[in-house]
Every structure is written in structure tokens, then in C-alpha cells.
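What the coordinates show
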Amino acid sequence: MGHYTIVLSNPPQNGVDAESAAPLLGLTPEQFTAKARYIVPEIWFAHPDEGRARELAGALQTAKCRVSVVDSSSLVAVPQRSRVRSFSFTERGLVAHLDGEDAEVSYDQPVRAVFCRPREGSERTSLPGARRSSSFFSIKDRLMESGSTLTDVVPEEDTVPFLDIYMPVNGEVRRYTVQQNAVNFSGLGRVQPRAASNMEALVGSCEDRFGVDHVDKRLVGMRLRARIARRAPGAEHRRGFSFASPGLLALLAALEQGLERVSQPELSTRLAFLAYRYAA
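These remarks concern the structure in this document. Note that the structure is a prediction, hence the values are computed from the model and not measured. (Residues numbered from 1 in each chain as written. Predicted model: local features only at pLDDT ≥ 70, side-chain atom pairs only at ≥ 80, totals over all residues. Heavy atoms only, no water.)

1. Comments concerning the nonpolar core
The nonpolar side chains of a soluble globular protein tend to be buried with one another. Heads up, the rule is: Joining through side-chain atoms within 4.5 Å is the link that ties buried Ala, Val, Leu, Ile, Met, Phe, Trp, Tyr and Cys residues into a set, and such a set is a nonpolar core. Only protein chains enter the accessibility calculation, which uses a 1.4 Å probe; a residue whose area is less than 20% of its type maximum is buried, one above 50% is exposed, and one in between is partly exposed. Under the DSSP-based scheme used, a helix requires at least four consecutive residues in state H or I and a strand at least two consecutive residues in state E, with every element numbered from the N terminus. By definition, residues are in contact when any of their heavy atoms lie within 4.5 Å.
Grouped together as the largest cluster of nonpolar side chains are 32 residues, with contacts concentrated most on Leu-8, Ile-43, Leu-75, Leu-252, Leu-255 and Leu-267. Looking at this core, the elements that each hand over two or more residues are β1 (5-9), β2 (43-47), β8 (112-119), β9 (162-169), β11 (215-223), α7 (246-255) and α8 (264-277). Of all the elements, α8 adds the most residues to this core, at 6 residues. Leaving out residues up to four positions away in the same chain, Leu-255 has contacts with Met-1, Gly-2, Tyr-4, Ile-6, Ser-72, Leu-75 and Val-76. Within the second largest apolar cluster, 26 residues are counted, among which are Val-84, Met-167, Tyr-176 and Val-203.

Structural data, given as C-alpha cells:
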């Protein structure tokens, strides 16, 4: 499959020079300012030439943007979820009880936990009038040639909050997922009537034990974007590599077969972890 070097946004973006940064992504300063306000990490640029991608990343950093440069193989290599069915806290760490085995996450390990709690609804706005780079044209053309179509729905599964715990071990990454509607919260000691309250308590316990800096809450309140079915000629669509854009879908399809069908929360948790891990 294809190989790209990816430039990820690593929010928050504070004090950026929109006048300098906007042309790098084919946007107007106003469009870039709106894009920079998006708190969820996303792909801003991707190119087969690593040198070109790193050059653009450097220019964005000069414009005071927070970005991370990631090899596309790292995105593909993020492991599938290991579902946590129950858990317990010990003096040494968090013990995740999985299907058929237990895994201990020690408090002194370089853990990164990503908490995702989407809000319902679909976001359908676009950035009109944006200019696109030649690399984007080629990726978009591949999508159009393939005749890819998308469903105009947000699956119910995508609305369920979850906590992804990423733990690097011997050069590899393990991922343990606590899904709000599929876990026994008895490990908290005091179980509350609402699952959402228990989930918040678990996240708070992780902040207390692993440290606030190890828990990423940028996906809290993220708006789910419906994937749009084949558009009528002349219809506006998302540009660049935001979720449900032709550019992103073509890029993911080029990286690994079937990756373009990944859900928005699944893609966002991967990007949040990678943006942190490869932060400049």
C-alpha cells in the first residue's frame, strides 16, 4: 500500500500567524483561523515525499502552529482495541481484565489515555473557496476514479464514550479500551447509578493516579460528522483531510485496504495518540 509522511495538528493552537500559515494549506486566513480553533487533532497535510512534508511542517511551526510529523505506517500500526470488561486499581497500577487475560498498567509507565465523549449531531459545514495543493488533487482524483461512496449516517456505536489507554511496550503499542456501555465499574469501589457518572469517575481516577498530563480530553464534546453519500455535481464538500472529506478517504484507502471505513472516533483517538507521541 501507499506510504506518506503526515503532518498532524496538535491542538491547542494559540497565537498562530494565520497570514503565514493559511497559504501552506491552501486556505484563506479566515478559513485557517477557523480550522486552528478545532481542538481535535486532525491531518493537515500528507505527501509521499518526506522532505516536502517536513518542510511544510517546519513552515507551520515557524507560524507558531503546533504540529506533529508522523510516518503513515505508525497510523496503520495502531493496534485494534482490547476490550476491558472490568478493572481494578492496586498499589502498583491499573489491572485491566480483558477477555481471557489480565493486563497491568503500572503508574510509572509512559501511559497515554484518550477520553472520547462525542456529542450527538452531524456537522455539515465546509470551507468555501479554498485553494488545493497538487498533492491533494491527485489523492482526490483517485477517490473519484474509484467511485467510492459513503453512508449518510452516524452509527450508534460511535456515540458511546470510551477511554483508550495506550501503553508502549518494547517498541510496540498496546491499547486497552474501556467502553462506557460494556464494562463493569465495580472497580471504582463506589458505583453510581448513571454509567456516564461512573465513566467520569474512572477518568478522574486515572488523572489522579497517572497524572493529569497523561489523560487527553481533547475528544470530549467532539461533534460527529456524518459521512455524505455520493454528492451531486457542483455540491460543496469538505476540503483537505478533515473527516468525511474526499482527500482523507482517498488517503486512508491508499494506506491500507478498508482503512477509509474507520469511524470518526476511532480515527480521532489514533491521531490524538500519535500527535502526542510525535510532538515536535
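Next comes the rest of the write-up.
2. Some remarks on the pairing of β2
Applied cut-off: Paired strands, in this sense, are two strands between which DSSP finds at least two bridges.
With respect to burial, β2 is a largely interior element, 5 of its 5 residues being buried. With 4 bridges joining them, β1 and β2 adopt antiparallel strand pairing. Of the residues in β2, the one forming a bridge with Ile-6 is Ala-46.

3. Looking at the sheet that holds β2
Rule in force here: Axis geometry follows a simple rule: fit a line to the C-alpha atoms, using only the stretch in contact for helices, then measure angles between N-to-C directions, giving values from 0 to 180 degrees.
Across the sheet, which stays open at both edges, the 3 strands sit in the order β2-β1-β3 with antiparallel pairing between neighbours. Taken across any chain shown, the strands that pair with only one partner, and hence form the sheet edges, are β2 and β3 (67-71). Each strand of the sheet is rotated relative to its neighbour by a mean of 20 degrees, with strand direction disregarded.

4. Thoughts on helix α2 (residues 29-36)
Inclusion rule: Directions pointing from the helix axis toward each C-beta atom define the arc.
Among all positions in α2, only Gln-31, Phe-32, Lys-35 and Ala-36 are buried. End-on, the buried residues of α2 take up no more than an arc of 135 degrees, which puts them together on one face. Residues of α2 that are buried make contact with α1 (18-21) and β2.

5. Re the packing of aromatic side chains
Cut-off, in case you're wondering: Aromatic pairing here means that ring centres of Phe, Tyr or Trp (its six-membered ring) are within 6.5 Å. Orientation follows from the plane angle: under 30 degrees is stacked, over 60 is edge-to-face, and everything else is tilted. Criterion for a charge above a ring: Lys NZ or Arg CZ within 6 Å of the ring centre, and within 35 degrees of the ring normal.
Applying the stated criterion across every chain yields a total of 5 aromatic pairs. When the centroid spacing of 5.4 Å and the interplanar angle of 65 degrees are considered together, the rings of Phe-32 and Trp-44 count as edge-to-face. With Phe-32 in helix α2 and Trp-44 in strand β2, the pair connects residues that are 12 residues apart, well separated along the chain. Here Phe-32 matches Trp-44 in class, with each residue buried. Between the aromatic rings of Tyr-166 and Phe-273, the centroid separation amounts to 4.3 Å while the plane-to-plane angle is 10 degrees, which identifies the pairing as stacked. Note that Tyr-166 is positioned in strand β9 and Phe-273 in helix α8, a separation of 107 residues in sequence. Comparing Tyr-166 with Phe-273, the two get one shared label, buried. By the ring-pair criterion, three or more aromatic residues cluster together here, those being Phe-87, Phe-89 and Phe-185. The positively charged end of Arg-112 is found above the aromatic ring belonging to Tyr-276, 3.7 Å away from the centroid. Sitting over the ring of Phe-89, Arg-209 keeps its end group 4.0 Å from the ring centre.

6. Some remarks on helix α6 (residues 195-210)
What counts here: Given the number of residues in a helix, its expected span is that number minus one, multiplied by 1.5 Å.
Look at α6: 22 Å from first C-alpha to last across 16 residues, which is about the 22 Å you get at 1.5 Å a residue. Of the residues making up α6, those classed as buried are Asn-198, Met-199, Leu-202, Val-203, Gly-204, Ser-205, Cys-206, Glu-207 and Phe-210. Positive phi appears at Gly-211, one or two residues downstream of α6, with a value of about 110 degrees.

7. Topic: the sheet that holds strand β5 (residues 86-89)
As summarised here, the arrangement of the 3 strands in space is β5-β6-β7, forming an open sheet in which the pairing is antiparallel. This sheet does not close on itself; its edge strands, each paired only once, are β5 and β7 (102-106). Pairwise comparison of adjacent strand axes, ignoring direction, gives a mean angle of 20 degrees for this sheet. In this sheet, β7 lies alongside strand β6 (residues 93-97) in antiparallel orientation, the contact comprising 5 bridges. Its bridge partner being in β7, Val-95 is matched across the sheet by Glu-104.

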